[in-house]
Structures are given as structure tokens and as C-alpha cells.
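Fold and geometry: a report
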Amino acid sequence: RSAGDVGEEEELLYQVLEERPDHREAWYSLALLMIGRGNLRAAEEYLRKSLEHNLDFEPALQLLTSLLLKSSRVEEIAELNRRKSEQEETGRVQSSSNRTSNIRWGLPSTPSATARWSQAAGGGGGMEGRSRPR
């Protein structure tokens, strides 16, 4: 890529972020551009922004962990891992709560049960075999 291409790409990413400041892939892409320029401080900041709302974006989490490891910041890595574990546990609790709620209302609670329920209710839920609405 030429310097002009990188500048245009960076400008486009900033435009995306103006409209959607929580766009984790745009923050991640900016971090990659900063690493390419040797600006690891900005890369770290952008990686943290890509993970701000949710730590489930593995490419950003792995790259941030790598940057922190290179500068021997193991305490921060431990903190990231602790937060990710908490987030995963919260997700499991919410998922379990949704299954319990579905059971209480007589709805299927697992993917296989959903498929069986859907079939028993008259098909796979798709439009196959049906005419399109006019």
C-alpha cells in the first residue's frame, strides 16, 4: 500500500467512527495502522476502545494481550482475563435465565428443542413450499 492509500483508509475509518463510535472492527483496523507506523501507544488505545463494551472480539483481545506482554504488563493482562471471565459468566447466567423463562412459558429452550417445536408447529419455519405473499 502507498502512504496515500493508508491515509485514505485511516480517514474512512474515522468517518465510520463518527457515525458509529462503538464499531469495534474500525477501532481494530486503526490499531493495525498504528502498529504499522510504530505508534504502539495509539494502537493500545484503539484496541482498548474496540473492547470497551465487550471483550468477545478475540483478534483485538489477542493483539492487546500481545502488546501488553511485550512491555511486561502482566497485571493488566490478568485484569483483562478477569474481566473476560466475569463477562462470560454473566453471559452464561443470562442465557440460563432465558432458558428458564422459555420453559416457564412453554417455549423451547435449546436449539434442538426449538427445531422439534418448530416442526411440530407446522414446518421448519422457512418459506419452502409456500407461495410468496402478493
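Residues numbered from 1 in each chain as written. Predicted model: local features only at pLDDT ≥ 70, side-chain atom pairs only at ≥ 80, totals over all residues. Heavy atoms only, no water.

1. Comments concerning the overall build of the chain
The helix and strand tally for the chain stands at 6 helices and 0 strands. For the chain, the sequential pattern of α-helices and β-strands runs α-α-α-α-α-α. The buried share of the chain, taken over its 134 residues, is 25%. Contacts in the chain between residues at least 24 apart in sequence constitute 36% of all its contacts with a sequence separation of at least 6. Carbon and sulfur atoms make up 51% of the accessible area of the chain, which totals about 9700 Å². (Helix = DSSP H or I, 4+ residues; strand = E, 2+ residues; numbered from the N terminus. Buried < 20%, exposed > 50% of the residue type's maximum accessible area, 1.4 Å probe, protein only. Contact = heavy atoms within 4.5 Å. Areas by Shrake-Rupley, 256 points an atom, 1.4 Å probe, with all protein chains shown as cover.)

2. A look at the nonpolar core
Leu-30, Tyr-46, Leu-47 and Leu-51 are the most contacted members of the largest nonpolar core, which totals 24 residues. When contributions to this core are tallied by element, the ones reaching two or more residues are helix H1 (3–19), helix H2 (24–37), helix H3 (40–50), helix H4 (58–70) and helix H5 (74–104). Element by element, the count of residues in this core is highest for H2, at 7 residues. Setting aside its immediate chain neighbours within four residues, Leu-47 contacts Tyr-28, Ala-31, Ala-60, Leu-63, Leu-64 and Leu-67. (Core = buried A, V, L, I, M, F, W, Y, C linked by side-chain atoms within 4.5 Å.)

3. Some remarks on the packing of H2 against H3
H3 packs onto H2 with a crossing angle of 170° between their chain directions and a minimal axis gap of 8 Å. Viewed along their axes, H2 and H3 adopt a mutual orientation that is roughly antiparallel. The crossing of H2 and H3 is left-handed. For the pair formed by H2 and H3, the contact residues are Arg-24, Trp-27, Tyr-28, Leu-30, Ala-31, Met-34 and Ile-35 on the first element and Leu-40, Ala-42, Ala-43, Tyr-46, Leu-47, Lys-49 and Ser-50 on the second. For the contact of H2 with H3, a count of residues per class yields 11 nonpolar, 1 polar and 2 charged. (Axes fitted to C-alpha atoms, helices over the stretch in contact; angles between N-to-C directions. Parallel < 35°, antiparallel > 145°, perpendicular 65-115°, else oblique. Left-handed = near helix turned anticlockwise from the far one by under 90°. Nonpolar A, V, L, I, M, F, W, Y, C, P; charged D, E, K, R; others polar.)

4. Quick look at the confidence of the model for the chain
Mean pLDDT over the chain: 78, with 64% of residues reaching 70 or higher. Mean pLDDT across the elements of the chain bottoms out in helix H6 (residues 111–120) (48) and peaks in H3 (97). pLDDT under 50 marks residues 113–118. Its contacts with residues more than four places away, or in other chains, come to 8 contacts. Scored below 50 in pLDDT, residues 120–134 shows 5 contacts in the model against residues more than four places distant or in partner chains. (pLDDT = per-residue confidence, 0-100.)

5. Some thoughts on the packing of aromatic side chains
Under the counting rule described, the total for this entry stands at 2 aromatic pairs. Measuring from centroid to centroid gives 5.5 Å for Tyr-28 and Phe-57, while their planes differ by 75°, and the two rings are edge-to-face. Taken together, the residues Tyr-28 in helix H2 and Phe-57 in the loop between H3 and H4 connect sequence positions 29 residues apart. Across this residue pair, the class does not change: Tyr-28 and Phe-57 are buried. (Phe/Tyr/Trp six-rings, centres within 6.5 Å; stacked < 30°, edge-to-face > 60°.)

6. What about the environment of Gln-15?
Structurally, Gln-15 can be placed in helix H1. Between the C-alpha atom of Gln-15 and that of Ala-26, which follows or precedes it by 11 residues, the distance is 9.6 Å.

7. So, the side chain of Glu-44
Position of Glu-44 among the secondary structure elements: in helix H3. Taking relative accessible area as the criterion, Glu-44 reaches 14% and is therefore assigned buried. Excluding its chain neighbours within four sequence positions, the residues that come into contact with Glu-44 are Leu-64, Leu-67, Leu-68, Arg-73 and Glu-76.

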